[in-house]
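These are the residues of each chain, in order.
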Amino acid sequence: GNMVEWCLPQDIDLEGVEFKSMASGSHKIQSDFIYFRKGLCFGLACFANMPVESELERGARMKSVGILSPSYTLLYRYMHFLENQVRHQLEMPGHYSHLEAFYDDKKGVLPESKGTPSSQQPVHWLPSIHRYMYPEMKITHPAGCMSQFIKFFGEQILVLWKFALLRKRILIFSPPPVGVVCYRVYCCCCLANVSLPGLGGTVPESKPFFYVNVADIEMLETEVSYVACTTEKIFEQKRDLYDVYVDNQNVKTHHEHLQPLLKINNADKEKYRRLNDQRQMLMYSQEVGEDCSSCEEDLFILFFMEQNNRIFQTLMEVSASQDKTLTADHARGMGLDPQGDRSFLMDLLEVYGIDVMLVIDNPCCT
């Protein structure tokens, strides 16, 4: 099995990290990277596989070099260093001087862990995204990550958006390599960004767990909301661990009351068309030769955040009104389908504890 060969500091609890930093099935690929969660910390590891003429190593030498940090937003900065180091470790095993120097340079005092990971404050992105965006956002992922995500899922992105907004437990399956799937986890969490102040402090945080394996089953059993990915097909059978299972582009749920959310309705199609229109306009407005990938990322994130803000702004206004009645016109004003999104709206009110009465016209009368 996998083993931890070397670490700094030496007294840190790394139980299970040897399986988190090397995805199950990685022996079939040459290289990969992997994001994961370990207690209150997040990790990034780079994996490489090199053929060797050694019976003891069964013809292949496989290693991962990784780092742990209290935040995942800064990890991407060190991807290049980790890729170089894992190659170095394959070619010159046992030489750790570069890693020691890196640790001495970067080590900081970890915040004291008070409570469980769920006690971390949820992040609400600021509405002014482009130039004034949180600097962390720019280095969380490579340029093009969000646009690749949306190209991959197409209209299904609206299905994932609803599940993310409802804080469901979303598990994404894919065979290795898992790096790009870790980005899908991150992007999925971005779909639920809301920048309205004072929105339900009791709402579960949308937590990216990134890569999980069978060693994480016990931990996942206690989670009420997460987004994660795995390379282990066995998870599909463990239905009590997830609400939504994503296999390639196929999004499914075993919960009967969530089934209506899998259908793409007219309002979803309209949102998807609007998103593509905005993207085309952005492309046309870019000067030839100018890199617009970061602007495209901002556009996608802002599109969903504005959509979410509009929904919650309307719901909070209605809940503050005298009759607290949410009508079909309200639904349309929020960019939702009064009939097709009825169950989504009902779930939304329940999850966020918004006191509103839903009165949607009967379909035969519209």
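Here is a short report on the structure shown in this document. Worth saying up front: this structure is predicted, and the values here are computed from it rather than measured. (Residues numbered from 1 in each chain as written. Predicted model: local features only at pLDDT ≥ 70, side-chain atom pairs only at ≥ 80, totals over all residues. Heavy atoms only, no water.)

Glancing now at the packing of aromatic side chains. In this structure the tally under the stated criterion is 19 aromatic pairs. For the pair Y72 and F210, a centre-to-centre distance of 5.3 Å together with 75° between the ring planes defines the contact as edge-to-face. Of this pair, Y72 sits in the loop between strand 3 (60-69) and helix 2 (79-91) while F210 sits in strand 5 (residues 208-211), and the two are 138 residues apart along the sequence. Here the two residues Y72 and F210 agree in accessibility, since each one is buried. When the centroid spacing of 4.3 Å and the interplanar angle of 15° are considered together, the rings of F81 and F102 count as stacked. Of this pair, F81 sits in helix 2 while F102 sits in helix 3 (residues 97-106), placing them 21 residues apart in sequence. On the basis of relative accessibility, which here comes to 22%, the residue F81 falls in the partly exposed class. Using a relative accessible area of 13% as the deciding quantity, one classes F102 as buried. One Lys or Arg, K162, reaches over the ring of F344 and ends 5.8 Å from the middle of that ring. (Phe/Tyr/Trp six-rings, centres within 6.5 Å; stacked < 30°, edge-to-face > 60°. Helix = DSSP H or I, 4+ residues; strand = E, 2+ residues; numbered from the N terminus. Buried < 20%, exposed > 50% of the residue type's maximum accessible area, 1.4 Å probe, protein only. Lys NZ or Arg CZ within 6 Å of the ring centre and 35° of its normal.)

Before going further, it helps to spend a moment on the nonpolar core. Counting 94 residues, the largest nonpolar core has F149, F312 and L315 as the members making the most contacts within it. Among the elements that take part in this core, helix 10 (residues 293-320) stands out by supplying 10 residues, more than any other. Counting only domains with at least three residues in this core, you end up with domain 1 (17-103) and domain 2 (135-316). For L315, the contacting residues outside a window of four places in its chain are L326, M334, L345, L348, L349, I354 and V356. Of all hydrophobic cores here, the second largest spans 12 residues; its members include F209, A228, L241 and Y245. (Core = buried A, V, L, I, M, F, W, Y, C linked by side-chain atoms within 4.5 Å. Domains from an automatic or database assignment. Contact = heavy atoms within 4.5 Å.)

Counted according to the given criterion, the structure contains 17 salt bridges. Here D104 makes a salt bridge to K107, at a shortest N to O gap of 4.0 Å. The salt bridge involving D277 is made with R273; its shortest N-O contact spans 2.5 Å. One end of the pair, D277, and the other, R273, are both in helix 9 (residues 266-285), 4 residues apart, so they sit about a helical turn from each other. Among the residues examined, D277 registers a relative accessible area of 36% and is labelled partly exposed. One network of salt bridges, with partners in common, ties together K162, D268, K271 and D341. (Salt bridge = Lys/Arg side-chain N within 4 Å of Asp/Glu carboxyl O.)

Purely spatial values, then, with no claim about function.
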